[in-house]
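Here is how the chains run, residue by residue.
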Amino acid sequence: MRKTPKQERSRQMIDTLIDATARCIIEKGLDFTTTSRIAELANVSVGSLYQYFSSKEALIEALMNNMASDIGKGLQRLPIDESSTLRDLVTGAIHYGFTMLNSRNGLYLELARNWHRLPTDKVANALQQHFLELSRIYFLKYYREYPIENLEVRIFIIVNSTIFTMVRLISQENSMWREEDVENGLIEMILAYLQTKTTAA
């Protein structure tokens, strides 16, 4: 990002350009998204766009950063109460993930198809942090039943396995697997792994 937003007007311009980037990806697909079309959708000149972003890639990175923030906020809003079981927490998070991937008029679908080419670390980190916080709350509460070790490692494996599975499923045009079955399979896999007691070496 070239120009630091110091005023509300600058912040609004940045938001407008990021929103136009999302609309362009939905309209044209990632490969045919251009700064010229983004500027047109934002109703600004290409020169104005370049005052804030150096390239299409910089705009896409800003869009991904916004997505990471939105995902984190969405996960934090998932209902959690004293009666919530580990299954409730995992089911809510997995269901939210699939709902999100199927939303935004095809934006997430197009990004999922190009996941390997995009700056996706912040999105993965947002999911990883949320799952880690949820797991810590649960396993501190039920430590005697599940004296889990290496929680951070387990969450890293769970989050990355889940993201890869979701992205692979969503990005296939004619998948032979039903989304509901994959969702249920992920839930059972995560529950089994989290509740497996560590064996002594």
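Rules used in this analysis
Residues numbered from 1 in each chain as written. Predicted model: local features only at pLDDT ≥ 70, side-chain atom pairs only at ≥ 80, totals over all residues. Heavy atoms only, no water. Core = buried A, V, L, I, M, F, W, Y, C linked by side-chain atoms within 4.5 Å. Buried < 20%, exposed > 50% of the residue type's maximum accessible area, 1.4 Å probe, protein only. Helix = DSSP H or I, 4+ residues; strand = E, 2+ residues; numbered from the N terminus. Contact = heavy atoms within 4.5 Å. Salt bridge = Lys/Arg side-chain N within 4 Å of Asp/Glu carboxyl O. Axes fitted to C-alpha atoms, helices over the stretch in contact; angles between N-to-C directions. Parallel < 35°, antiparallel > 145°, perpendicular 65-115°, else oblique. Left-handed = near helix turned anticlockwise from the far one by under 90°. Nonpolar A, V, L, I, M, F, W, Y, C, P; charged D, E, K, R; others polar.

Peer 1: Looking at this model, I keep getting lost on the nonpolar core. Mind explaining?
Peer 2: Here is a general trend for soluble globular proteins: nonpolar side chains tend to be buried in one another's company. In terms of nonpolar packing, the biggest core is built from 64 residues, with Leu17, Phe53, Phe98, Leu111, Ile155 and Leu194 touching the most fellow members. The element that contributes the greatest number of residues to this core is helix H4 (residues 56-76), accounting for 10 residues. Setting aside anything within four residues of it in sequence, one finds Ile155 in contact with Gln128, Phe131, Leu132, Ser135 and Leu194.

Peer 1: It is not clear to me how the environment of Glu8 should be interpreted in this structure. Could you clarify?
Peer 2: The residue Glu8 is located in helix H1 (residues 8-28) in this model. The exposure class assigned to Glu8 is exposed, which follows from its relative accessible area of 53%.

Peer 1: Please explain the pattern of salt bridges as it appears in this structure.
Peer 2: Pairing between side chains of opposite charge can happen when their charged atoms approach one another. For the coordinates displayed, the defined rule picks out eight salt bridges. As a salt-bridge pair, Arg37 and Glu27 come within 2.8 Å of each other at their nearest N and O atoms. Here the residue Arg37 occupies a position in helix H2 (residues 35-42), and Glu27 occupies one in helix H1, the gap between them amounting to 10 residues. Taking relative accessible area as the criterion, Glu27 reaches 41% and is therefore assigned partly exposed. A cluster of three or more residues bridged by salt bridges with shared partners is formed by Glu27, Arg37 and Glu40.

Peer 1: How should I be thinking about H2 in this particular structure?
Peer 2: For an α-helix, 3.6 residues make a turn, and residues three or four places apart therefore share a direction. For H2, the tally of buried residues reaches six of eight residues, placing the bulk of the element in the interior. Along H2, the residues classified as buried are Thr35, Arg37, Ile38, Ala39, Leu41 and Ala42. Contacts made by the buried residues of H2 are with H1, helix H3 (46-52) and H4. One or two positions beyond H2, positive phi appears at Asn43, with a value near 60 degrees.

Peer 1: What am I meant to see in the packing of H4 against helix H7 (residues 121-141) here?
Peer 2: One can describe the packing of H4 onto H7 by two numbers: an axis separation of 8 Å at closest approach and a directional angle of 15 degrees. On the basis of the axis angle, H4 is roughly parallel to H7. The hand of the H4/H7 crossing is right-handed. Contact residues: Met64, Asn65, Ala68, Ile71, Leu75 and Gln76 in H4; Lys122, Val123, Ala126, Leu127 and His130 in H7. Classifying every residue of the contact of H4 with H7 by side-chain character gives seven nonpolar, three polar and one charged.

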